[in-house]
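Okay, here's what each chain looks like letter by letter:
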Amino acid sequence: AWRLASRHQGAVNLLMIDVDNFKAFNDTYGHQAGDRCLAQIAQVLRDMTQRAGELAARYGGEEFVLILPGIDQSSAQASAERIRQQVQSLNIPHSGSQQQVVTLCIGHAYVQPTADMSAEAALNYADKLLYQAKEQGRNKVCSDSYKGE
């Protein structure tokens, strides 16, 4: 997706997604419940990746990454917000969450790759936006354009 966008002067949207307070979820409900929770979230993400080139993947632990190439920033931001809302509407109980249900933080980086940009740096930027969402109180989407370092 990165090479195609770079070659054709297109865009890639990188979404870093983290389950809010997941350690507390596992500590309260157990790891089997945690696995079921992650599977439900993965299904929401799979449902959002219907177009060619889109990808949802588990990034590690309770983090996921979603790659949405070829769409504009506002459409991708709207998709991120839909994901956040859909996971919250699953109503998975979570007593360690302010909302009392499982929620997500999402960092969304809109990138128009150039020859001097690296995909890793852009992904790190999306991760930085994810941490901004956490710092703003969780259950949030933070979105911005990545212009390179």
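Scroll up a little and you will see the structure.
Throughout what follows, the structure given in this document is the object of discussion.

Basis of the calculations
Residues numbered from 1 in each chain as written. Predicted model: local features only at pLDDT ≥ 70, side-chain atom pairs only at ≥ 80, totals over all residues. Heavy atoms only, no water. Helix = DSSP H or I, 4+ residues; strand = E, 2+ residues; numbered from the N terminus. Contact = heavy atoms within 4.5 Å. Buried < 20%, exposed > 50% of the residue type's maximum accessible area, 1.4 Å probe, protein only. Expected span 1.5 Å × (residues − 1). Arc of directions from axis to C-beta.

## Here's the deal with the side chain of His-94
- For His-94, the position within the fold is in the loop between helix H4 (73-89) and strand E4 (104-111).
- Beyond its immediate sequence surroundings of up to four residues, His-94 is in contact with Asp-20, Asn-21, Ala-24, Phe-25, Tyr-29, Gln-100, Val-101 and Val-102.

## Examining the side chain of Ser-79
- By the element assignment, Ser-79 lies in helix H4.
- For Ser-79, a relative accessible area of 8% corresponds to the buried category.
- Discounting chain neighbours no more than four positions away, the residues touching Ser-79 are Met-48 and Leu-68.

## Some details on H4
- The end-to-end C-alpha distance of H4, which contains 17 residues, comes to 24 Å, matching closely the 24 Å that a straight helix rising 1.5 Å per residue would cover.
- Those residues of H4 that sit buried are Ala-76, Ser-79, Ala-80, Ile-83, Arg-84 and Val-87. Projection of H4 onto a plane perpendicular to its axis shows the buried side chains occupying an angular sector of 140 degrees, all on one side.
- In the stretch just after H4, Asn-91 is the one whose phi turns positive, near 55 degrees.

Geometric descriptors of this kind do not, in isolation, establish any biological role.
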